[in-house]
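Topology and contacts: notes
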Amino acid sequence: MLGIPNLVDNVASNQSREIFWDKDVYNLELERIFARSWLFLGHESLLPKPGDFITTYMAEDKVILSHQQDGSFRAFINSCTHRGNQICHADSGNAKAFVCNYHGWVYGQDGSLVDVPLETRCYHGQLDKAKLGAKHIRVETYKGFIFGCGDADAPSLEEYLGEFRWYLDTIWEGAGGGLELLGPPMKSILACNWKVPAENFVGDGYHVGWTHAGALMQVGGELAGLAGNRADMPFEKLGFQFTTRHGHGFGVINNAAPAIHVKRDGWAKYLADTRAEVGRKFGPEREELYVGHWNCSLFPSCSFLYGTNTFKVWHPRGPHEIEVWTYTMVPRDADAETKSMIQREATRSFGTAGTLESDDGENMSSSTFVNRGTITRNGRISSSMGVGFEGPHPVFPGIVGSSFIGETSHRGFYRFWKEMLDAPDWKAVKANDDTWDSMFTNRNYWNDKVDAAE
Ligand code: FES
Ligand SMILES: [Fe+2]
């Protein structure tokens, strides 16, 4: 493995190709990123009643997430503390207890070991069940979205989302109802490193007009103009890009939320009916974001398109494979017909047979597997588009780039990736809180731009 300082160059805005290939890098990611970050587990809407549960993953760890009788959510590692057998194999359901199939140990909704067969006869009352609960995972919820974390020293979920909540509130709270998720998720295996789709969603407006030209021409409407990435498009007027302290970021295309949806009447009307309330609560800048189309990643491995409303988790399976889970985001208070139409349109475009998502498969896998070659792998890859055309903004928190076609959000994603990989613990990460964005050196970019516009 190259030394961590060489994996990402924040000054030259490039990365070693080893980040998509090397097994040691991957193992360090498992320890220093996936075991320490808040990872998406589910949404309250997927397990709405006490006793409801789902099974999911945190990176390669299997997890049970369960809705407790008191309304809270608990998660624990889906592995028996006897001989390690997987406790639960269902995708979802309702259960007061989970029974291991091997020798019948029984776990409660919170993962505590509540019963074992022949406890008196054969364990002679000597088994300390209190010490044998399934391994507990921290769970916290933000606006109905449920996250888990394997590190007791990690900051709270709210701190981890940090200033990115300013953006998320716009859509996850919106006019009041917020968003929920529809399952069951689609699940598929893709032969790529997990960061290729994560970086694609966080900051790749560039590929849209090229990779998806065919689909865009077919859909027509607002985004058809992007097809072919024509130089006469006024990209600087069409949107922005954002990145934040903990790597979360997104790009927005103005006034294009439902653009990929062909049958969109209900969704478009919902947005038209609610945007004024969003403007009243959050101000005009966020009202614009509310009706824009977002390509977003929450660091490390959860991504969504707001507007198109696909919602993805890239569960890593070694450095060269992922298991993709795909849900649909819908407004909680939309009518049933609108929700189901959003689900159909999101699936048609970004499901496993998605008319756009199917275009991306080879981009993901070939960016990974070209690095099988040693000479290839010794090279570097570039994220320098728009360097210097970005900086702190008087209204938007974090760092803002001047166009949705740029690599501002890539730079922010890999900046934090490197910081996490380099840091022995969260204390070392927190020590950088005040200086994290110093790599974005054009501090006056937005002030100068605003002055020039006035
Ligand atoms: S491994 Fe689970 S009961 Fe034995
Ligand atoms: Fe794409």
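Residues numbered from 1 in each chain as written. Chains lettered and ligands numbered in written order. Predicted model: local features only at pLDDT ≥ 70, side-chain atom pairs only at ≥ 80, totals over all residues. Heavy atoms only, no water.

This part takes up the packing of aromatic side chains. Here a ring pair, both rings aromatic, is described through the centre-centre distance and the interplanar angle of the planes. In total, this model carries 42 aromatic pairs according to the counting rule given. Geometrically, the ring pair formed by F40 and Y327 is edge-to-face, given 6.0 Å between the ring centres and 75° between the ring planes. With F40 in strand β3 (residues 39-43) and Y327 in strand β19 (residues 322-331), this residue pair connects regions lying 287 residues apart in the sequence. With relative accessibility at 3%, the residue F40 sits in the buried group. Against the face of Y57 rests R317, its NZ or CZ located 4.1 Å from the ring centre. (Phe/Tyr/Trp six-rings, centres within 6.5 Å; stacked < 30°, edge-to-face > 60°. Helix = DSSP H or I, 4+ residues; strand = E, 2+ residues; numbered from the N terminus. Buried < 20%, exposed > 50% of the residue type's maximum accessible area, 1.4 Å probe, protein only. Lys NZ or Arg CZ within 6 Å of the ring centre and 35° of its normal.)

Most of strand β14 (residues 239-243) sits out of view: 4 of its 5 residues are buried. One ladder, built from 5 bridges, connects β14 with strand β15 (residues 249-253); its direction is antiparallel. Paired with Q241 across the bridge in β15 is G251. Where β14 lies against strand β22 (residues 399-401), 3 bridges are found, and the strand directions are antiparallel. Residue pairing across strands places F242 opposite V400, the latter belonging to β22. (Pairing = 2+ DSSP bridges.)

Structurally, D204 is set in the loop between α6 (195-203) and α7 (206-211). No salt bridge is formed by the buried D204. Its closest oppositely charged neighbour is R411, at 11 Å. (Lys, Arg positive; Asp, Glu negative; His and termini not counted. Salt bridge = Lys/Arg side-chain N within 4 Å of Asp/Glu carboxyl O.)

Distances from the iron ion (ligand 2) to its protein donors, H207 (NE2), H212 (NE2) and D360 (OD), fall within 2.0 to 2.1 Å. Counting gaps between the donor residues of the iron ion (ligand 2) yields the pattern H-x4-H-x147-D. Here H207 is found in helix α7, whereas its partner D360 is found in helix α13 (residues 357-369), with 153 residues between them in sequence. An identical accessibility class is assigned to H207 and D360; each is buried. (Donors = N, O, S within 2.8 Å, 3.2 Å for Na, K, Ca; no water.)

The interhelical angle for the contact between helix α2 (residues 23-34) and helix α15 (residues 408-422), taken along N-to-C directions, is 85°, at an axis separation of 9 Å. On the basis of the axis angle, α2 is roughly perpendicular to α15. Contacts between α2 and α15 involve V25, L28, E29, R32 and I33 from the former and W417, M420, L421 and D422 from the latter. Residues of the contact of α2 with α15, tallied by class, amount to 6 nonpolar, no polar and 3 charged. (Axes fitted to C-alpha atoms, helices over the stretch in contact; angles between N-to-C directions. Parallel < 35°, antiparallel > 145°, perpendicular 65-115°, else oblique. Contact = heavy atoms within 4.5 Å. Nonpolar A, V, L, I, M, F, W, Y, C, P; charged D, E, K, R; others polar.)

Domain parsing of the protein yields domain 1 (8-36 + 163-452) and domain 2 (38-142). A straight line from the C-alpha centre of domain 1 to that of domain 2 covers 33 Å. Tallying the contact residues gives 27 residues for domain 1 and 14 residues for domain 2. Overall, the association of domain 1 and domain 2 removes approximately 1600 Å² of surface from exposure, summing both partners, and the carbon and sulfur fraction of that is 60%. On the domain 1 side of the contact with domain 2, L181, R317 and W325 bury the most area, a combined 25% of that side's loss. Our enumeration of links across domain 1 and domain 2 arrives at 1 salt bridge. The salt bridge involving K187 is made with D91; its shortest N-O contact spans 3.3 Å. At the boundary of domain 1 and domain 2, one finds 7 residue pairs in polar contact (both at pLDDT 80 or more). For the side of domain 1 that touches domain 2, the residue count by class is 15 nonpolar, 4 polar and 8 charged. (Domains from an automatic or database assignment. Buried area = accessible area lost by both parts, 1.4 Å probe. Polar contact = N/O pair within 3.5 Å; in protein donor to acceptor, adjacent residues only side chain to side chain.)

Our next topic: the nonpolar core. Where a protein is soluble and globular, its nonpolar side chains tend to be buried together. Counting 111 residues, the largest nonpolar core has W172, F304, Y306, F311 and W417 as the members making the most contacts within it. Each of domain 1 (8-36 + 163-452) and domain 2 (38-142) accounts for three or more of the residues forming this core. What Y306 contacts, discounting residues up to four positions off in sequence, is I171, L179, A257, W267, L271, L289, Y290, G292, H293, W294 and M329. I64, C80, C100 and Y107 belong to the second largest nonpolar core, which has 15 residues in total. (Core = buried A, V, L, I, M, F, W, Y, C linked by side-chain atoms within 4.5 Å.)

Moving on: unusual backbone geometry. Between G183 and P184 the backbone carries a cis peptide bond, its omega angle lying at -10°. With respect to the element layout, P184 can be found in strand β13 (residues 179-190). In this structure, the amide linkage connecting F299 to the following residue, P300, adopts the cis form with an omega of 0°. The residue P300 is located in the loop between β16 (293-298) and β17 (302-306) in this model. We note that S13 has phi near 55°; this positive angle belongs to a residue other than glycine. Looking at the secondary structure, you find S13 in the loop between β1 (8-9) and β2 (14-16). Residue N255 is not a glycine yet carries a positive backbone phi of 55°. Residue placement: N255 occurs in the loop between β15 and α10 (265-282). By relative accessible area, which is 46% here, N255 ends up partly exposed.

Turning next to the sheet that holds strand β10 (residues 113-115). As summarised here, the arrangement of the 3 strands in space is β8-β9-β10, forming an open sheet in which the pairing is antiparallel. In this open sheet, the two edge strands, each paired with only one partner strand, are β8 (97-99) and β10. Going from strand to strand, the sheet's axes swing by 40° on average, the running direction of each strand aside. Note: strand β9 (residues 106-108) against β10, 2 bridges, orientation antiparallel. When the bridges of β10 are listed, V106 appears paired with D115.

Looking now at empty space enclosed by the protein. Over the atoms, a rolling probe the size of a water molecule traces out where space has been left empty. A complete count under the given rule lists 6 cavities of 30 Å³ or more for this structure. By volume, the largest cavity is sized at about 210 Å³. Around the largest cavity, the lining comprises 20 residues; the ones closest to its centre are V208, H293, N295, L305 and F350. Elements represented by at least two residues in the lining of the largest cavity include exactly α6, α7, β16 and α13. (1 Å grid on protein atoms, 1.4 Å probe; cavity = no way out; pocket = protein on both sides within 12 Å on 5 of 7 lines; lining within 4 Å. Points joined across faces, edges and corners; volume = space filled by probe spheres on them.)

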